[in-house]
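Architecture and fold: a report
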Amino acid sequence: FVYFSCYCMNLFVLSELHANHNHVGWSVSYSLEDTLAAVCKVHFLYPIQNKGLTYFQPKDPNRPDLITRIRQTLSKSWFDLETLPTLADAPNVLLVIGLKPRFLLSIFALKHLLDQFDVRIAYLLDGFEPDRMNYQALPKLDHLFVISPSLAKEVQQLHDIKVSFLPLATNTFPLSEYPSQRSIDILSYGRTDKQIHAVLQQFNQPESQRLYMHSTFSGAEVYDVRDHVALLKRLLERSKISLCFEGGQLKRFQGRSPLLYRWFEGWAAGCVIVGTKPLDRGVETLMGWQDSTLGVPDDLDEMIPFFEVLLQDETRLEEISRRNYLECRLRHDWRYRLRDMFGKLDLSLPAPLMEQIEQLQRYKNPQ
């Protein structure tokens, strides 16, 4: 890696994280953008969808119909920018961050500036069908990063573009002391196992001394994603156990089972993760430390005894909790991912990025 003591590139981030997006799935984007702002000279650009194209919206945005494909081919103007950025003399790098391939079309909102960038990268933060990608944008990109190794391989086979696997991560800054006050026994949020959820309701009966805290709403919209992220962080820091279940059965992953963002959130807060492990090739390396995820019993009748035994073993809980807290900072902060992304393209590494990675690595040998 090339390491410079000052900022050596101008980074322009074309982000799908628009202010009116209040789905909790955008939490991962907030985390990444906060990290980018802390370590790079970055200019965020937030394109909006062209409202005049509502009539041409596909029924399923991830499976464009014939009319939509024709529409994209003719004008490529699904997105607009209020103002175009000003490029500098130093190397200008474009990074497109979105959840699905359709957002890659936002690069055409840059108009004549698009071809003036020295490097053009994209990072998609969710699962998608590689054979349904909007191919118009791909030739304009130098490199595409995706969150699943099997997905990277499939995209590479189908499309003429360089693709790399880059796992999700989280932002562990500002660095703080390990949170030790944990009054919530088990925390469950968002997608969960319905059968296990029903069994764990026993912990919320009047005669129980346990607290099973869980989501009580069916939708995924919140009033403010940043407020949601801040509250969830506090809840995780006060939870002994966080439930996490692999996502291979979800339609958007098409049988792939990547390591999802909730693992990183839980590890960063020092939670003991209980559930089912992701199955993608290479995931075992990402979570390769003792008890990074504890599996649940197959028999539902064993579920309550399993959790009771675990919760009663306070020494083991704290050992796993502290280990998860440390390993997340040693392996899974976004700063490591940015280092790998920039290094893959032989881009200079900003000094703040390397300095903050050095701070994280001090957890190996605490003073």
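Residues numbered from 1 in each chain as written. Predicted model: local features only at pLDDT ≥ 70, side-chain atom pairs only at ≥ 80, totals over all residues. Heavy atoms only, no water.

Our next topic: the overall build of the protein. Looking only at helices and strands, the protein has 11 helices and 13 strands in total. Its C-alpha atoms give the protein a radius of gyration of 22 Å, within 12% of the compact-globule value 21 Å for 367 residues. Along the first, second and third principal axes, the C-alpha atoms of the protein reach 65 × 50 × 40 Å. Here the protein holds 367 residues, and 53% of them are scored as buried. Taking the intrachain contacts of the protein between residues at least 6 apart in sequence as the baseline, contacts between residues at least 24 apart amount to 74%. (Helix = DSSP H or I, 4+ residues; strand = E, 2+ residues; numbered from the N terminus. Rg over C-alpha atoms; globule rule 2.2 N^0.38 Å. Buried < 20%, exposed > 50% of the residue type's maximum accessible area, 1.4 Å probe, protein only. Contact = heavy atoms within 4.5 Å.)

All told, the structure shown has 9 aromatic pairs when counted by the stated rule. Seen in terms of ring centroids, Phe-264 and Trp-267 are 5.7 Å apart; in terms of plane orientation they differ by 80 degrees. Their pairing is edge-to-face. With a gap of 3 residues between them, Phe-264 and Trp-267 both fall in helix H6 (residues 261-269), about one helical turn apart. Neither residue differs from the other here; Phe-264 and Trp-267 are each classed as buried. (Phe/Tyr/Trp six-rings, centres within 6.5 Å; stacked < 30°, edge-to-face > 60°.)

Turning our attention to the side chain of Glu-237. When you line up the elements, Glu-237 lands in helix H5 (residues 225-237). Since its relative accessible area comes to 13%, Glu-237 is described here as buried. Not counting residues within four places of it along the chain, the set of residues in contact with Glu-237 comprises Pro-179, Gln-181, Arg-182 and Ala-269.

What follows concerns the environment of Ser-188. Here Ser-188 lies in strand E9 (residues 184-188). Taking relative accessible area as the criterion, Ser-188 reaches 4% and is therefore assigned buried. Remark: the alpha-carbon pair of Ser-188 and Ile-107, spanning 81 residues in sequence, is separated by 37 Å. Excluding residues that lie within four positions of it along the chain, Ser-188 makes contacts with Tyr-212, Met-213, His-214, Ser-215 and Leu-243. Within the structure, Ser-188 has its side chain in polar contact with the side chain of Thr-192 (distance 3.3 Å). (Polar contact = N/O pair within 3.5 Å; in protein donor to acceptor, adjacent residues only side chain to side chain.)

Take it as geometry only, folks, not as evidence of what the structure does.
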